[in-house]
Amino acid sequence: MGSLDGYATLVTGGGSGIGFGCAQALLADGADVTICGRTESRLSEAVGRLEKLAAESGGRVAAIVADVTDEDDVAAAVAKAAEPADGKLHALVNSAGGSRHMGPLHMADVAVVRETLDLNAVGTFLTIKHSAPRMAAAGGGSYVSISSHAGRDTFRFLGIYGAAKAAMDFLVRVAADELGPSRIRFNSVLPGGIATEIMEGVTAGGPVLDSYHRQTPLWRFGTVEDVSALVRFLVGPESQWISGQLFSVDGGQSVRGSADFSAFARMAYGEDPLWQMLEEQSHAEGDV
């Protein structure tokens, strides 16, 4: 691996989970890393954990509170990350995302649907919009979006999340086409099941974890390091001929099929008459 010394980078959603792991990987190789997120206390804790690594690697770490669905916040975060390189940016890892809904499409609240699309699709659009000019000024750069296996293959009861991630991936591919002449590379990483804080309900055990294991040829759940190692490669000079690609990091799950989240959806909708009707019909067909 080549050094990332002098790289000015921004990691959205960098206060925890995959985003924090990506910040660690970039910082360990000498990059100047700015993390952003919506919760100041979480960012402060993350910076405290990263400072020792920064001292060892020679990189710098900073944080700024920012919501990726707010254009002014995104512009400010990009500007903050570009400060060490006189206003230029070399890489952006877009790890801010998530879902506000788990359940059948026909039972989703439209406000929750819009929030999920905003967080993933609009957040991707805004980070592309504000990072691209600064990466072009640097002579090129790398944009890596943390998407999901759910954006490529259907997951029952995660349809809104999957649609939002599919939109994210499409924007990344179009950006790769449009901004290639500026030597900016755009790629998406599609994790499968990764052991982070938000997945503790799965990794603790139960039918959803069992479903993941059945559908994953390499059997085990993934780690943050499984994802961040690929992100580090896509940010660095070793991947300078790679753009417009969607990379699954899922232990082979995408060659089999999706995990079954019906146990979690049942907890949220089990008493609803519509859900009970769906359950009866699914049992009759042998699906649940």
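Overview of the structure.

Conventions we followed
- Residues numbered from 1 in each chain as written.
- Predicted model: local features only at pLDDT ≥ 70, side-chain atom pairs only at ≥ 80, totals over all residues.
- Heavy atoms only, no water.
- Buried < 20%, exposed > 50% of the residue type's maximum accessible area, 1.4 Å probe, protein only.
- Helix = DSSP H or I, 4+ residues; strand = E, 2+ residues; numbered from the N terminus.
- Pairing = 2+ DSSP bridges.
- Right-handed = clockwise from strand over helix to strand, strands pointing away.
- 1 Å grid on protein atoms, 1.4 Å probe; cavity = no way out; pocket = protein on both sides within 12 Å on 5 of 7 lines; lining within 4 Å.
- Points joined across faces, edges and corners; volume = space filled by probe spheres on them.
- Nonpolar A, V, L, I, M, F, W, Y, C, P; charged D, E, K, R; others polar.
- Core = buried A, V, L, I, M, F, W, Y, C linked by side-chain atoms within 4.5 Å.
- Axes fitted to C-alpha atoms, helices over the stretch in contact; angles between N-to-C directions.
- Salt bridge = Lys/Arg side-chain N within 4 Å of Asp/Glu carboxyl O.

Examining the pairing of strand β2 (residues 32-37)
Argument step 1. By the criterion of burial, β2 is predominantly enclosed, with 6 of the 6 residues buried.
Argument step 2. When strand β1 (residues 8-12) meets β2, the two strands line up parallel, connected through 5 bridges. Looking at the pairing, T12 lines up with C36 of β2.
Argument step 3. Note that the unit made of β1, helix α1 (residues 17-28) and β2 has a crossover that is right-handed.
Argument step 4. In this structure, β2 lies alongside strand β3 (residues 61-65), joined through 5 bridges in parallel fashion. Its bridge partner lying in β3, I35 is registered against A63.
Argument step 5. For the crossover that starts at β2, traverses helix α2 (residues 40-57) and ends in the parallel β3, the hand is right-handed.

Points about the layout of surface pockets
Argument step 1. Its boundaries defined by the atoms lining it, the largest pocket holds a volume of some 1200 Å³.
Argument step 2. Considering the residues around the largest pocket, the lining is formed by 46 residues, among which G97, G98, S99, Y161 and I198 are closest to the centre.
Argument step 3. Broken down by secondary-structure element, the contributors of at least two residues to the lining of the largest pocket are α1, α2, α5 (159-179) and α6 (200-203).
Argument step 4. The residue makeup of the lining of the largest pocket, split by class, is 20 nonpolar, 19 polar and 7 charged.

Points about the nonpolar core
Argument step 1. Judged by nonpolar contacts, the single largest core of 31 residues is most densely connected at I35, V189, V231 and V235.
Argument step 2. Elements that contribute at least two residues to this core include exactly α1, β2, α2, β4 (91-94), β5 (141-146) and α8 (224-235).
Argument step 3. Ranked by size, the runner-up nonpolar core spans 25 residues in total, among them A8, A85, I128 and F186.

A closer look at the sheet that holds β2
Argument step 1. On the basis of which strands lie adjacent, the open sheet formed by 7 strands has the order β3-β2-β1-β4-β5-β6-β7 and parallel pairing. The sheet is open, and its two edges are formed by β3 and β7 (245-249), each paired on a single side. Adjacent strand axes in the sheet meet at a mean angle of 20°, parallel and antiparallel pairs treated alike.
Argument step 2. The pairing of β1 with β4 spans 4 bridges and is classified as parallel.

Side note on the pattern of salt bridges
If the charged atoms of two oppositely charged side chains come close together, the side chains can form a pair.
Argument step 1. For the structure on display, the rule yields 7 salt bridges.
Argument step 2. Among the salt bridges present, the one from D32 reaches R60, with a minimum N-O distance of 3.5 Å. Linking D32 in strand β2 with R60 in the loop between α2 and β3, this pair joins segments that are 28 residues apart in sequence.
Argument step 3. Accessibility expressed as a relative area gives 9% for D32, which makes it buried.
Argument step 4. Salt-bridge contacts for R156 lead to D260; the nearest nitrogen and oxygen are separated by 3.6 Å. Of this pair, R156 sits in the loop between β5 and α5 while D260 is found in the loop between β7 and α9 (262-269), placing the two residues 104 residues apart along the sequence.
Argument step 5. Its relative accessible area of 37% is what places R156 among the partly exposed residues.
Argument step 6. A residue is classified by how much of its surface remains accessible, and D260, at 26% relative accessible area, is partly exposed.
Argument step 7. By sharing partners, the salt bridges in this structure join D29, R232 and E238 into a single network.

Keep in mind these numbers describe shape, not what the thing actually does.
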